[in-house]
Amino acid sequence: MSATVELVRNVETLRNFVGGRWRDEGELFDVVASSKGEVVTRALEASPGLVDEAVAAAVAAKAAVAALPGYERAAILRRVQSAIVDRNEEIATAISRESGKVLRDTREEVRRAGETIGLCAEEAIRIQGDHVPLEGSPAGAGKVAMMLRFPVGVVGAIVPFNAPFNLTCHKLGPAIAAGNSVVIKSPPEAPSCVQLAVELFADAGLPAGAVNLIHGGVKAGEALVRNPGVNFITFTGSTRAGAAVKAAAGMRRVLLELGGLGPNIVHADAEVDKAARMTANHGVRLAGQSCISVQNLFVHRSVLAPFLDAHVDVVKRLVVGDPMDPATEVGPLVDERSAMRIESWLREAKEQGARILCGGHRRGAYIEPTVITDVQPAMKVVCQEIFGPVIVIRPYDDLREPIAWINQSGFGLNCGIFTRSLDVAFRAIREIECGGIIINGSSTFRPDQVPYGGIKNSGLGREGPRYSIMEMTDLKLVVFNA
């Protein structure tokens, strides 16, 4: 037990949930609110042995979960959805208290999570295969073939801190809808809301062992990924960690939602005011801690001056403060170390000739909403994921310039482009190598029903209830001979 924990009083201790029972063993670790530097929660870190027990419990339960008919799985998910609605404020407060995400955003996250689970309930009764026509060859003539979908078995899920509750729902919901059992690892920065989600699933009528929860950091995650009892791995996090997950998975399938560089393009014919407002808000909301936050913002030189005036004005007006205050629009980063990293990147860019138009200062775990320009391609603020409230303005003269940079960046998550021209829009659709192209909207666009994910270093596969269910099921060919 750390000295910090010994001084804490009346702080909740979070436990692991294995095989339908809350477990009290493990080393305690502190969860510190970055806004105040106070310990707000303690959690018991799952040992590799306890992780193995959780996987064994999921293996033992997978037949019972698979045997639940679709309408029963849908009913369970609807009960979870109802409970989320009833406990919205409790869950939102838990997220804000631990992660520093502002209350107005966590309330929206929990509302979306309820929708996510509702969509999963609908998809639970729509899982379907295909008829395979066989009349095209002599070997197939007179026979009937179909492809059917079956649960993969045990899903191992790892959730990040930046949208911990909704992303937990994006993993648990489709897994249960598809008839799988799950072991989920919470983020060490924000474990309490994941525990709340697991409580809701456990209370909704699932068999014991259908959903298991482990707390901890890298060691717990590695133990989960490497356990051969896990049939499928879904991971949201950094590209570096995602590459390690893929390497450890071997022949097992993975769904990886990884990082990005937030490319957005404001073309010469764009609605400048609309683009300026949207990209300003979407570059710093969540304190920029989203893999699709606006980061590299390309603006056509012909509209650069009016765009900068409007864009910087919006950024300067954003309210920075206590995440628990409903009026706050931008809160702290998840920890002071992250803020110090961003501060050093900004200082390095400035020393190399970049110009900071607003913001740029650090106070503890807070980074002022920042707009920077006159950058070079090799600067960290350009070519690495900032994951903070920093927007890089990059003027261009020809559309080929931003398209070439995006395609050569190694990443390919979402890209936003603002234009009134259908020709420009379709050129972007054809030529930009990203998982999503958002016309007249920013890279942050992600309703929960859409197929969401990237290519290259930004990930593998697609999330979204229907698409995750497809990832979490195996196809089986069935042939009837006459």
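Keep in mind that this is a model prediction, so the values were computed, not measured.

A. The arrangement of the overall build of the protein in detail. Helix and strand counts for the protein come out as 16 helices and 25 strands. On C-alpha atoms alone, the protein measures out to a radius of gyration of 23 Å, which is about the 23 Å that the 2.2 N^0.38 rule sets for 482 residues. Oriented by its inertia axes, the alpha-carbon framework of the protein measures out at about 70 × 70 × 40 Å. Here the protein, with 482 residues, has 56% of them falling under the buried criterion. A sequence separation of at least 24 residues applies to 72% of the contacts in the protein between residues at least 6 apart.

B. Structural context of the packing of aromatic side chains. One pass over the full model with this rule turns up three aromatic pairs. Plain terms: the ring middles of Phe-161 and Phe-387 are 6.1 Å apart, the flat faces sit at 85° to each other, and that makes the pair edge-to-face. In this pair, Phe-161 is assigned in the loop between β8 (154-158) and α6 (164-177) and Phe-387 in the loop between α13 (380-383) and β19 (390-396), connecting sequence segments 226 residues apart. Both rings, one in Phe-298 and one in Trp-405, keep their centres 5.6 Å apart while their planes meet at 55°; by these two values the pair is tilted.

C. View of the pattern of salt bridges. What the rule picks out here adds up to 25 salt bridges. For Glu-109, the salt bridge identified is with Lys-101, shortest N-O distance 2.5 Å. Of the charged contacts, one joins Arg-111 and Glu-108 as a salt bridge, the two residues approaching to 2.7 Å between their closest N and O atoms. Here Glu-108 and Arg-111 lie together in helix α5 (residues 103-124), a separation of three residues that amounts to about one turn. Within this structure, Arg-23, Glu-25 and Glu-53 form a network of salt bridges that share partners.

D. Geometry of the sheet that holds strand β13 (residues 264-266). Strand order in the open sheet formed by seven strands is β15-β18-β19-β14-β13-β21-β22, with mixed pairing between adjacent strands. Pairing within the sheet leaves two strands with one partner each, and these edge strands are β15 (355-358) and β22 (436-439). Shown here is a sheet whose adjacent strand axes are inclined to one another by a mean of 25°, direction ignored. Across three bridges, strand β18 (residues 370-373) lies against β19 in parallel orientation. Across the sheet, the residue bridging to Ile-372 is Val-392, located in β19. Strands β13, β14 (296-300), β19 and β21 (414-418) of the sheet are contacted by helix α10 (residues 272-284), whose axis makes an angle of about 140° with β19.

E. Structural detail: the layout of surface pockets. What the largest pocket holds in volume is close to 1400 Å³. In this structure, the largest pocket is lined by 41 residues; those nearest its centre are Glu-189, Phe-235, Gly-237, Ser-238 and Ala-241. Mapped onto the lining of the largest pocket, the elements with two or more residues apiece are α8 (218-226), β11 (232-236), α9 (239-249) and α12 (336-351). At six residues, the largest contribution of residues to the lining of the largest pocket is made by α9. Residue classes in the lining of the largest pocket are distributed as 20 nonpolar, eleven polar and ten charged. Taken as a whole, the second largest pocket encloses approximately 430 Å³ of empty space. Along the walls of the second largest pocket sit 21 residues, with Arg-112, Ala-163, Arg-285, Leu-286 and Ser-290 positioned nearest its centre.

F. Spotlight on the confidence of the model for the protein. Mean pLDDT over the protein: 96, with 98% of residues reaching 70 or higher. Counting contacts from residues 1-8, a segment whose pLDDT is below 50, to residues more than four positions away or on other chains yields ten contacts.

G. Structural view of the environment of Glu-257. Within the secondary structure layout, Glu-257 lies in strand β12 (residues 253-257). Residue classification places Glu-257 among the buried positions, given a relative accessible area of 4%. Taking the C-alpha atoms as reference points, Glu-257 and Phe-235, separated by 22 residues in sequence, lie 6.4 Å from one another.

Parameters at a glance
Residues numbered from 1 in each chain as written. Predicted model: local features only at pLDDT ≥ 70, side-chain atom pairs only at ≥ 80, totals over all residues. Heavy atoms only, no water. Helix = DSSP H or I, 4+ residues; strand = E, 2+ residues; numbered from the N terminus. Rg over C-alpha atoms; globule rule 2.2 N^0.38 Å. Buried < 20%, exposed > 50% of the residue type's maximum accessible area, 1.4 Å probe, protein only. Contact = heavy atoms within 4.5 Å. Phe/Tyr/Trp six-rings, centres within 6.5 Å; stacked < 30°, edge-to-face > 60°. Salt bridge = Lys/Arg side-chain N within 4 Å of Asp/Glu carboxyl O. Pairing = 2+ DSSP bridges. Axes fitted to C-alpha atoms, helices over the stretch in contact; angles between N-to-C directions. 1 Å grid on protein atoms, 1.4 Å probe; cavity = no way out; pocket = protein on both sides within 12 Å on 5 of 7 lines; lining within 4 Å. Points joined across faces, edges and corners; volume = space filled by probe spheres on them. Nonpolar A, V, L, I, M, F, W, Y, C, P; charged D, E, K, R; others polar. pLDDT = per-residue confidence, 0-100.

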